[in-house]
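Structure at a glance
Each chain, written out:
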Amino acid sequence: MKKTGWSRREVLLALAGGGAGLLAGAGWPGRGEAYGRRDYFTWAQLRYPGSWDPSPRAAERFLEALRRRTSVEPEPRRRVVDVGSPELFALPFLYVGGRGSFPSLGAEAEGWLRRYLEHGGFVLFDDATGVADSGFAQGVAETLGRVLPGRGLEPLPADHTAFQSFYLLRDVPGRKLVRPFLYGIDLEDLTPAVLCPNDLGGAFDGDPLGGYTHPCTPGGERQREMTFRLGVNLAMYALTGNYKKDQVHIPFILKRRQR
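Procedures and definitions
- Residues numbered from 1 in each chain as written.
- Predicted model: local features only at pLDDT ≥ 70, side-chain atom pairs only at ≥ 80, totals over all residues.
- Heavy atoms only, no water.
- Pairing = 2+ DSSP bridges.
- Helix = DSSP H or I, 4+ residues; strand = E, 2+ residues; numbered from the N terminus.
- Buried < 20%, exposed > 50% of the residue type's maximum accessible area, 1.4 Å probe, protein only.
- Salt bridge = Lys/Arg side-chain N within 4 Å of Asp/Glu carboxyl O.
- Expected span 1.5 Å × (residues − 1).
- Arc of directions from axis to C-beta.
- Phe/Tyr/Trp six-rings, centres within 6.5 Å; stacked < 30°, edge-to-face > 60°.
- Contact = heavy atoms within 4.5 Å.
- Axes fitted to C-alpha atoms, helices over the stretch in contact; angles between N-to-C directions.
- Parallel < 35°, antiparallel > 145°, perpendicular 65-115°, else oblique.
- Nonpolar A, V, L, I, M, F, W, Y, C, P; charged D, E, K, R; others polar.
- 1 Å grid on protein atoms, 1.4 Å probe; cavity = no way out; pocket = protein on both sides within 12 Å on 5 of 7 lines; lining within 4 Å.
- Points joined across faces, edges and corners; volume = space filled by probe spheres on them.

Okay, the sheet that holds strand β2 (residues 44-47) next. The strand order across the open sheet formed by 7 strands is β4-β2-β5-β6-β9-β8-β7, and the pairing between neighbours is mixed. Since the sheet does not close on itself, it has two edges, and those belong to β4 (79-82) and β7 (154-155), each with one partner. Pairing between strand β8 (residues 183-187) and strand β9 (residues 190-196): 4 bridges, direction antiparallel. Note on β9: the bridge partner recorded for Tyr183 is Leu195.

Before going further, it helps to examine the environment of Pro74. For Pro74, the location among the structural elements is in strand β3 (residues 73-74). Overall, the relative accessible area of 14% leaves Pro74 in the buried class.

With that settled, consider the pattern of salt bridges. The tally for this structure, following the rule as stated, stands at 12 salt bridges. Notably, a salt bridge pairs Arg79 with Glu75, separated by 2.4 Å at the nearest N-O pair. According to the relative accessible area criterion, Glu75 is partly exposed, its value standing at 28%. Overlapping salt bridges, with partners in common, bring together Glu64, Arg67 and Arg68 in one network.

Its 12 residues place the ends of helix α3 (residues 58-69) 17 Å apart at the C-alpha level, agreeing with the 16 Å of an ideal helix rising 1.5 Å per residue. Residues of α3 that are buried include every one of Ala58, Ala59, Phe62, Leu63, Ala65 and Leu66, and no others. Summarising the axial view, the buried residues of α3 lie within an arc of 160°, below the 170-degree limit, and thus occupy one face.

The subject of this paragraph is the packing of aromatic side chains. Scanning all chains against the criterion turns up 15 aromatic pairs. Relative to Phe204, the ring of Phe62 has its centre 5.1 Å away and its plane inclined at 25°; by these criteria the two rings are stacked. Separated by 142 residues along the polypeptide, Phe62 in helix α3 and Phe204 in helix α6 (residues 200-204) bring together distant segments of the chain. Taking the relative accessible area as the measure of exposure, Phe204 reaches 2% and is therefore buried. Centroid distance Phe93 to Phe122: 6.1 Å. Interplanar angle 25°. Geometry classified as stacked. One end of the pair, Phe93, is in strand β5 (residues 93-98); the other, Phe122, is in strand β6 (residues 122-127), with 29 residues separating them in the sequence.

With that out of the way, let us pick up helix α5 (residues 135-147). Taking 1.5 Å as the rise per residue, α5 with 13 residues should run 18 Å; its terminal C-alpha atoms sit 18 Å apart, in good agreement. Among the residues of α5, those classed as buried are Phe136, Ala137, Gly139, Val140, Thr143, Leu144 and Val147. When α5 is viewed along its axis, its buried side chains cluster within an angular range of 160° and face the same direction. Contact partners of the buried residues in α5: β5, α4 (107-118), β6, β8 and β9.

With that settled, the discussion passes to the packing of α4 against α5. Two elements in contact, α4 and α5, have axes separated by 9 Å at closest approach and are oriented at 75°. For the element pair α4 / α5, the angle class is roughly perpendicular. Across the interface between the two elements, Glu110, Leu113, Arg114 and Leu117 from α4 touch Thr143, Leu144, Arg146 and Val147 from α5. In terms of residue class, the contact of α4 with α5 is built from 4 nonpolar, 1 polar and 3 charged.

Below, the discussion takes up the pairing of β6. The element β6 is largely enclosed, with a buried count of 6 among its 6 residues. In this structure, β5 lies alongside β6, joined through 6 bridges in parallel fashion. Note on β6: the bridge partner recorded for Gly97 is Asp126. Relative to β9, β6 runs parallel, the two sharing 4 bridges. By the bridge assignment for β9, Phe125 is matched with Leu195.

What follows deals with the environment of Leu148. Structurally, Leu148 is set in the loop between α5 and β7. We classify Leu148 as buried; its relative accessible area is 1%. Expressed as a C-alpha distance, the spacing of Leu148 and Leu187, which sit 39 residues apart in the sequence, is 9.2 Å. When residues no more than four places from it in sequence are discounted, the contact partners of Leu148 are Arg114, Leu117, Glu118, Ile185 and Leu187.

Moving on, we get to empty space enclosed by the protein. Per the counting criterion, the structure on display carries 1 cavity of 30 Å³ or more. If you add up the space inside the largest cavity, you get close to 40 Å³. Lining the largest cavity are Trp43, Phe62, Phe93, Leu124, Leu200, Phe204, Gly231 and Leu234. The set of elements that each furnish at least two residues to the lining of the largest cavity consists of α6 and α7 (220-240). Residues belonging to the lining of the largest cavity are distributed by class as follows: 7 nonpolar, 1 polar and no charged.

Geometric descriptors of this kind do not, in isolation, establish any biological role.
Have a look at this one:
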């Protein structure tokens, strides 16, 4: 079968090899592959100076849930990526967690992040602080303001693909309900950077005996379940973009939402 598009992973790999010109010449459409084939997923996590790892077992728990619930084949453990590493361009998903403040990465690293976002990468910033307008959230907003000037973090609308890429969701859960929104920055018709103020990783994080490290408040285990569903949706969004916005899916989604 003739190949008609470039997946996000192919784009990022091409960039890692200095292939930006190759992409322009090939008429890169900027879309991920659709469902119907088996995808692979790696939880890449950014290590930066500061509190970069507030929930060290979150990735392992989430990746097991992703494997059980979907056809995606995730790597069983996270991959830690240092600031500026070219390894990032082989990975379509980057998780940036933090508690407290988020430091300036410096001009060179911000250029590295800009190149990743503009060419198909997806970054999930996850605020583990548990308070509104935290130092982490403010630091992320300031960094993204320099990385993508002229754009700001805005609440994602209820019909955003991130809320229907696998599960149909209405709420934004997490370990603690700080805000009812996910925030994102759009580039054309995609949202390559998302900030969750409700600590997704804190809800995933487990202890060595199989329990969970933190309670989910105020909704308990139902809130935790919905947090896993949102995580699955965000992983799917990172892999497929706006695939679920295709016209063929809209009648089905509208019917499900009317129930």
